[in-house]
Amino acid sequence: MAKQRKTMYVIDTNVILHDPDCLKGFGNNDIGIPITVLEEIDDFKKGKDQLNYNSRSFTRIIDQLTSDLEKGNRKIKDSLESGIRLFNKTNKLFFLTDVNYKDEFKDKFFGEKEDHRILAAAYNYKINHPDVKTIFVTKDVNLRIKARALGILAEDYNAGKIKDMQKTHSDHIEIKNVDQNVIQKLLSDGKIPLDFIKNRIENQPDPNEFFILKNENAEVKCRYEHTKNVLKMIYSDKVYGISPRNPEQCFALDLLLDDKINLVTITGSAGTGKTLIALASSLQRSVSYNQIILSRPIVPLSNKDIGYLPGTAKNKIEPYMQPLYDNLSFIQNQFKETDENYTYIEELQKREKLIISPLAYIRGRTLSKVYFIIDEAQNLTPHEVKTIITRAGEGTKIVFTGDLYQIDTPFLDAESNGLAYIIDKLKGEKLYGHVNLQKGVRSTLSELASKLL
């Protein structure tokens, strides 16, 4: 039996900034970090954004690994050749210091571009270690293409990527020709035992899975309550001036208004009402929470920091938060200015019981008894959503909304973003519910554009 070739994964800066724990994501294979990557990581160490936290977190991991060497009277310089043992496994970490342009590489790339120095490190390692399978790992699509042009195996960072996108689509179960006695009992009692329709479904439903039971006379929407093994009827009432326009919005409102469901994800394309119904639900349930927080990640235009924008800090972030203000204004305008619901929204803002703030400004807080809505969550990494959820204190409800296919950051896609990661990992948990909104509600023109353009 032929001996399996050893594998060396050479990782790019964006992999580390995406996941500071990435050294644990390559099994028992060796890992190479070009020295240029360490320089780039150092450039990110100052600041309050997630990338800055990730940079510092990774640097602390490297510091600990190299400090352990010094304690064992083994110098870091010596380990450049023999490697640093990682987390009690058989794999090792190498620092790749040869980032110079050589041979064929020199003829293809010019200038002092740091991306090319990182690529040169992978190229040089491959040339100098022909017995080792060298794979360059980067979330930069163009850099992967360049690597392949040089004959280097290249791939995306796959840890955290979901394998089955179908799991992100929460289609309800529709049962036709339901016996009228079953429908009648559901309408009169508000719930029925699952056993009443057990012979009509193939598999045991997940907690909080949705059903539509229908016959010629009626159509009833339900949610499966796992703890009681019943189907609970869903009502289609107006919520803080907003009426649900389709079954999926009814499903979403049912989850959003249920304080026992601590985590909710709502996906859908632009104009399906994700943010609007989440905000309306938070206002409806405001008396049960100490604070409502509306937030979204800031994704700078052209990858420039918001510091490039003119004005004060508040002026800089307002354009990014404007869609949240627009939704709040839309709800408020469902009422007359003299209506108590209209003035209540203003009162919540004045007392800072309802705040709109960039996600970076929320970091470090323990969120107790807060209704926390994170919009555009598809622009978050799996590491970021985990950080947010782990900040939740007692009585807190977290709602993530977003469009899995409208991603504004260069190193995420539909399979690797944090919103898809939540849906994939938490499906079937009793404290969690998910709805995918499919029908646009802004206007006929908006829905047409979403489908055809």
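See the structure printed just above.
Residues numbered from 1 in each chain as written. Predicted model: local features only at pLDDT ≥ 70, side-chain atom pairs only at ≥ 80, totals over all residues. Heavy atoms only, no water.

A. Region of the structure containing the pattern of salt bridges. Tallying each qualifying case throughout the model produces 20 salt bridges. Asp156 is the partner of Lys161 in a salt bridge, and the nearest nitrogen-oxygen pair spans 2.9 Å. (Salt bridge = Lys/Arg side-chain N within 4 Å of Asp/Glu carboxyl O.)

B. Representation of the sheet that holds strand S4 (residues 92-96). Across the sheet, which stays open at both edges, the six strands sit in the order S3-S4-S2-S1-S5-S6 with mixed pairing between neighbours. Two strands bound the open sheet, and with one partner strand each, they are strand S3 (84-85) and strand S6 (153-155). Bridge count for strand S5 (residues 132-137) against S6 is three bridges, and the pairing is parallel. Bridging from a neighbouring strand, Ile135 pairs with Leu153 of S6. In this fold helix H2 (residues 35-43) packs onto strand S1 (6-11), strand S2 (30-34) and S4, with an angle of close to 65° to the strand it touches most, S2. On top of the sheet, helix H7 (residues 141-149) reaches S5 and S6; it is set at about 165° to S6, its chief contact. (Pairing = 2+ DSSP bridges. Helix = DSSP H or I, 4+ residues; strand = E, 2+ residues; numbered from the N terminus. Contact = heavy atoms within 4.5 Å. Axes fitted to C-alpha atoms, helices over the stretch in contact; angles between N-to-C directions.)

C. Spotlight on the packing of aromatic side chains. According to the stated counting rule, one finds five aromatic pairs in the structure shown. Between the aromatic rings of Tyr289 and Tyr371, the centroid separation amounts to 5.3 Å while the plane-to-plane angle is 80°, which identifies the pairing as edge-to-face. Taken together, the residues Tyr289 in the loop between helix H10 (274-284) and strand S13 (291-296) and Tyr371 in strand S15 (residues 370-374) connect sequence positions 82 residues apart. We classify Tyr371 as buried; its relative accessible area is 0%. Three or more aromatic residues joined by ring pairs form one cluster here, namely Tyr9, Phe26 and Tyr157. Just above the ring of Tyr53 sits the side chain of Arg56; from NZ or CZ to the centre is 4.8 Å. The ring of Tyr101 has Arg117 lying over it, and the distance from NZ or CZ to the ring centre is 4.3 Å. (Phe/Tyr/Trp six-rings, centres within 6.5 Å; stacked < 30°, edge-to-face > 60°. Buried < 20%, exposed > 50% of the residue type's maximum accessible area, 1.4 Å probe, protein only. Lys NZ or Arg CZ within 6 Å of the ring centre and 35° of its normal.)

D. Spotlight on unusual backbone geometry. Phi at Asn229 is positive, roughly 55°, even though this residue is not glycine. Relative to the assigned elements, Asn229 resides in the loop between strand S10 (219-225) and strand S11 (230-233). The backbone of Glu376 sits at a positive phi, close to 55°, despite the residue not being glycine. Mapped onto the elements of the fold, Glu376 is located in the loop between S15 and helix H13 (382-389). Accessibility expressed as a relative area gives 22% for Glu376, which makes it partly exposed.

E. Local environment of the sheet that holds strand S17 (residues 432-437). In spatial order, the strands read S14-S13-S15-S16-S12-S17; together these six strands make up an open sheet with parallel pairing. In this open sheet, the two edge strands, each paired with only one partner strand, are strand S14 (354-358) and S17. Between one strand axis and the next, the sheet turns through 15° on average, direction left out of account. Examined bridge by bridge, S15 and strand S16 (residues 397-402) share four bridges and lie parallel to one another. Looking at the pairing, Tyr371 lines up with Lys397 of S16. Contacts from H10 reach strand S12 (263-268), S13, S14, S15, S16 and S17, with the element oriented near 170° to S15.

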